[in-house]
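Topology and contacts: notes
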Amino acid sequence: MRRMKTMLDWLPALAFVAAYVVYDIYVATMVLIGALFLAVAVHRLHTGEWHKTNLVAACVALVLGGLTLWIRDPLFIKLKPTIVNSLFAVVLFSGLIFWKRPLLGLVLDSVISIDDDGWRALTLRWAFFFVFLAVLNEIVWRNFSSDFWVSFKVFGIMPITLVFALAQIRLIERH
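Residues numbered from 1 in each chain as written. Predicted model: local features only at pLDDT ≥ 70, side-chain atom pairs only at ≥ 80, totals over all residues. Heavy atoms only, no water.

Observations regarding the overall build of the protein chain
Let me state the cut-off plainly: For helices the rule is a DSSP run of H or I covering at least 4 residues; for strands it is a run of E covering at least 2, with both sets numbered from the N terminus onward. Just to be clear, the radius of gyration here is over C-alpha atoms, and the globule rule we use is 2.2 Å times residues to the power 0.38.
The helix and strand tally for the protein chain stands at nine helices and zero strands. Along the protein chain, helices and strands appear, N-terminal first, in the series α-α-α-α-α-α-α-α-α. Relative to the 2.2 N^0.38 estimate, which gives 16 Å for 175 residues, the radius of gyration of the protein chain is 17 Å and therefore close to what a compact globule would have. Structurally, the protein chain occupies a C-alpha span of about 50 × 40 × 30 Å along its principal axes.

Below is the structure:
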């Protein structure tokens, strides 16, 4: 199940890059939207649960990708990672600040078993990481070509996220 979830998380980005290389940003945008909703549907059919993060990403991609296709301006699809990562950061920070709850624990408690202090620390770290990713996306799309931005989405963001996730293992082991 864990492998399937990982594949469903990364497949839409890989499909986006492949479509961009073969066609263009507009076809890639359509592929991304379809792949995200397909990932949500496959997860739902396999587990009976909604994959919340992919569902949010799919809805944001539908709106911003739809604008990209309608107006024929890639700006909107380039904003998707900024908006999705910002939303995740706001949700995680809000849980800690307003509800005094580490919301990451609600999503991952079936996968990771740690104490409340660990959930708070992990949630805070991921919230800041999502802010970092949003800022990084802004820097890349504003200062580099579309070709570079598309490549960076997969070959930059994926390894950075993997390294960050692996760096959390010590925190998880302690708690």
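Details of the packing of helix H7 (residues 146-155) against helix H8 (residues 157-167)
Just so we agree on the cut-off: Angles shown run from 0 to 180 degrees and are taken between the N-to-C directions of axes, each axis being a line fitted to C-alpha atoms and, for helices, limited to the stretch in contact. The scheme is simple: roughly parallel for angles under 35 degrees, roughly antiparallel for over 145, roughly perpendicular for 65 to 115, oblique for anything else. What makes two residues a contact is simply this: any of their non-hydrogen atoms within 4.5 Å. Charged means Asp, Glu, Lys or Arg here, nonpolar means Ala, Val, Leu, Ile, Met, Phe, Trp, Tyr, Cys or Pro, and polar covers whatever is left, Gly included.
Remark: H7 packs on H8, axes separated minimally by 3 Å, with the N-to-C direction vectors making an angle of 25°. One element, H7, and the other, H8, form an angle in the roughly parallel class. Residues Phe152, Lys153, Val154 and Phe155 of H7 form the contact with H8, whose own contacting residues are Ile157, Met158, Pro159 and Ile160. Per-class residue counts for the contact of H7 with H8 are seven nonpolar, no polar and one charged.

Quick look at a nonpolar patch on the surface
The following threshold applies: Candidate patch residues must exceed 30% relative accessible area and have no salt bridge, after which like charges are joined if within 9 Å and Val, Leu, Ile, Met, Phe, Trp or Tyr side chains if within 5 Å. Computed with a 1.4 Å probe, the accessible areas rest on the Shrake-Rupley method; for each residue, only the protein chains presented here act as cover. Any carboxyl oxygen of Asp or Glu within 4 Å of a side-chain nitrogen of Lys or Arg constitutes a salt bridge here. Partly exposed describes any residue whose relative accessible area lies between the buried limit of under 20% and the exposed limit of over 50%, with all areas from a 1.4 Å probe on protein chains only and scaled to the type maximum.
There is a patch of nonpolar side chains on the surface, built from Val131, Val135, Ile139, Phe144 and Phe148 and spanning about 420 Å² of accessible area. Of the residues forming the nonpolar patch, the biggest block, three residues, is contributed by helix H6 (residues 116-143). On the secondary structure map, Val131 appears in helix H6. Using a relative accessible area of 35% as the deciding quantity, one classes Val131 as partly exposed.

Some words on the pattern of salt bridges
Using the criterion set out here, one finds two salt bridges in the structure. Where Asp117 meets Arg120, a salt bridge forms, and the shortest distance between an N and an O atom there is 3.2 Å. Of this pair, Asp117 and Arg120 both sit in helix H6, three residues apart, which is roughly one turn of that helix. Given a relative accessible area of 47%, Asp117 falls into the partly exposed group. Residue Arg120 is classed as partly exposed on the basis of its relative accessible area, which comes to 36%. The closest approach of N and O atoms between Arg142 and Glu138, which form a salt bridge, is 2.7 Å. Of the two residues, Arg142 and Glu138 both sit in helix H6, four residues apart, roughly one turn of that helix. Owing to a relative accessible area of 56%, Arg142 belongs among the exposed residues under this scheme. Overall, Glu138 belongs to the buried group, its relative accessible area being 16%.

Topic: the nonpolar core
To be explicit about the condition: For the purposes of this section, nonpolar cores are sets of buried Ala, Val, Leu, Ile, Met, Phe, Trp, Tyr and Cys residues that join through side-chain atoms within 4.5 Å.
Judged by nonpolar contacts, the single largest core of 47 residues is most densely connected at Phe16, Ile25, Leu122, Trp126 and Trp149. Counting only elements with at least two residues in this core, the list comes to helix H1 (2-22), helix H2 (25-47), helix H3 (52-71), helix H4 (75-97), H6, H7 and H8. Top contributing element to this core by residue count: H6, with 10 residues. Leaving out residues up to four positions away in the same chain, Trp149 has contacts with Phe16, Ile25, Ile77, Lys78, Pro81, Asn137, Val140 and Trp141.

By themselves, these observations are geometric and do not establish any function.
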